[in-house]
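Chain and residue survey
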Amino acid sequence: MRPLSRVALVCSGVAALLAATAAAQDPRLDRLTPEARAPVATLLDSARTAGLPVEPLLQRALEGTTKRAAPELVVAAVRRLAADLGRARSALGFRASPAELAAGAAALRAGAPAEVLVALRRSRPNPLTVPLAVLTDLVASGVPVDSATAAVLALATRARDADLVEFRRAVERDIALGASPGAAVSTDAIGFLGPSAISVPGPHGHQSSQPTRP
C-alpha cells in the first residue's frame, strides 16, 4: 500500500503540474513574436501564482504586438504592469477584484500615490473600479494629481458610480470649453457636493480643502 500511495502522490503532482502548464499556455500567446512569447508566458505564470489578474497582462502584450513594438519593449511593458498590479493589491487589499486591481494599476501609472488607493478603500465599501477610473481619466485630462485625488476622495464617499461618471464628463466638458483643469474640477465638485468644504487628505499626507455636502 505504501508504494502505491507514493505512486498516487507522484501522479497527482505531475497532473497538477501539467494542468498548471496547460493553463499558462493561452492560445493567444501564439500571436506574440517568438522572442516575446516565452518571457511573457513566464510573467503570466508568476502573476497567476501570486494571485494577480493575468488578463490585463496578456492584453498589454497583445496590444504591443499589434502595434509592432519590439519584443523587449512588449516584455518590459508587461513587467511594469505586473508590478503596478502588485502595488495596487498592496494598497487595495487581497480581496480586491481583478477589475479593481486593473483600475488601481492604471491610477498608479497616472501618478496617483498608493496612499490615495488606501484612503479610497477605507472610505468606500462599494467597488472602487469607477472611482479609480474617474481619477485616471481626470489626470489624463490635465487635472493636477493633487486636485483630482482630493476631488475623487470627497466624491467617492457620497456619490454613486453614475454621479462620478457624470462628474468626470462635466469636468471634461468645462475643460473643452476653455476652463483650466484645476478650476474645472473644483467648480464641478462644488456643483455636485455643495458649497461647504471638508478637509480631505492630499496624496502626500497634507490636508486640502474640497467641497462636500453641508
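Just so you know, these numbers come straight off a predicted model, no measurement behind them.

**A few points about the nonpolar core**
One finds Val40 and Leu138 to be the most contacted residues of the largest nonpolar core, which totals 55 residues. At nine residues, the largest contribution of residues to this core is made by helix α4 (residues 71–92). What valine 40 contacts, discounting residues up to four positions off in sequence, is Leu29, Leu32, Ala61, Val74, Val75 and Val78.

**Some details on unusual backbone geometry**
If you check the backbone angles, arginine 68 has positive phi at about 60° while not being a glycine. Along the chain, arginine 68 turns up in the loop between α3 (55–66) and α4. For arginine 68, a relative accessible area of 78% translates into the label exposed.

**Some points on the packing of helix α2 (residues 34–49) against α4**
Running from amino to carboxyl end, α2 crosses α4 at an angle of 10°, the nearest separation of the two axes being 9 Å. Looking at the two axes, α2 sits roughly parallel to α4. Taken together, the residues of α4 that come into contact with α2 (itself represented by Glu35, Ala36, Pro39, Val40 and Leu43) are Pro71, Val74, Val75, Val78 and Arg79.

**Some remarks on helix α9 (residues 161–176)**
Residues three or four positions apart in an α-helix share a direction because the helix packs 3.6 residues into each turn. Over its 16 residues, α9 extends 23 Å from the first C-alpha to the last, a length consistent with the 22 Å expected when each residue adds 1.5 Å. Buried residues of α9: Leu164, Phe167, Arg168, Ala170 and Val171, and no others. Down the axis of α9, the buried set is contained in an arc of 160°. They therefore lie on one face. Structural note: α9 exposes Ala162 and Ala176 on the side pointing more than 90 degrees away from its buried face. Considering only its buried residues, α9 is in contact with α7 (129–140), α8 (145–156) and α10 (181–193). In the segment just after α9, glycine 178 is the residue with positive phi, at about 115°.

**Section: the packing of aromatic side chains**
Under the criterion given, the structure shown has one aromatic pair. Centre to centre, the rings of phenylalanine 167 and phenylalanine 192 are 5.5 Å apart; their planes meet at 85°, and the pair counts as edge-to-face. Residue phenylalanine 167 is located in helix α9, and its partner phenylalanine 192 is located in helix α10; the two are separated by 25 residues in the primary sequence.

**A word on the environment of arginine 48**
Mapped onto the secondary structure, arginine 48 falls in helix α2. Here arginine 48 falls in the partly exposed class, since its relative accessible area comes to 33%. There is a polar contact of 3.1 Å between the side chain of arginine 48 and the side chain of aspartate 45.

**Things to note about the pattern of salt bridges**
Under the defined criterion, the tally for this structure stands at 13 salt bridges. The salt bridge involving aspartate 161 is made with arginine 124; its shortest N-O contact spans 2.8 Å. Note that aspartate 161 is positioned in helix α9 and arginine 124 in the loop between α6 (114–123) and α7, a separation of 37 residues in sequence. Residue aspartate 161 is classed as partly exposed on the basis of its relative accessible area of 30%. Assessed through its relative accessible area of 3%, arginine 124 is described here as buried. Where salt bridges share partners, they join Asp26, Arg28 and Glu55 into one cluster.

**What about the environment of alanine 50?**
When you line up the elements, alanine 50 lands in the loop between α2 and α3. On the basis of relative accessible area, alanine 50 is assigned to the partly exposed category, the value being 36%. C-alpha of alanine 50 to C-alpha of glycine 86: the two residues are 36 residues apart in sequence and 8.7 Å apart in space.

**Observations concerning the packing of α4 against α6**
When two helices pack together, their arrangement is given by the angle between the helix axes and by the axis-to-axis distance. The contact between α4 and α6 brings their axes to 8 Å, and the two run at 40°. In terms of their interaxial angle, α4 and α6 are classed as oblique. The hand of the α4/α6 crossing is right-handed. Judged by residue contacts, Ala88, Ala91 and Leu92 of α4 engage Ala114, Leu117, Val118 and Arg121 from α6. Residue composition of the contact of α4 with α6, by class: six nonpolar, no polar and one charged.

What counts as what
- Residues numbered from 1 in each chain as written.
- Predicted model: local features only at pLDDT ≥ 70, side-chain atom pairs only at ≥ 80, totals over all residues.
- Heavy atoms only, no water.
- Core = buried A, V, L, I, M, F, W, Y, C linked by side-chain atoms within 4.5 Å.
- Buried < 20%, exposed > 50% of the residue type's maximum accessible area, 1.4 Å probe, protein only.
- Helix = DSSP H or I, 4+ residues; strand = E, 2+ residues; numbered from the N terminus.
- Contact = heavy atoms within 4.5 Å.
- Axes fitted to C-alpha atoms, helices over the stretch in contact; angles between N-to-C directions.
- Parallel < 35°, antiparallel > 145°, perpendicular 65-115°, else oblique.
- Expected span 1.5 Å × (residues − 1).
- Arc of directions from axis to C-beta.
- Phe/Tyr/Trp six-rings, centres within 6.5 Å; stacked < 30°, edge-to-face > 60°.
- Polar contact = N/O pair within 3.5 Å; in protein donor to acceptor, adjacent residues only side chain to side chain.
- Salt bridge = Lys/Arg side-chain N within 4 Å of Asp/Glu carboxyl O.
- Left-handed = near helix turned anticlockwise from the far one by under 90°.
- Nonpolar A, V, L, I, M, F, W, Y, C, P; charged D, E, K, R; others polar.

These results come straight from atomic positions and should not be treated as a statement about function.
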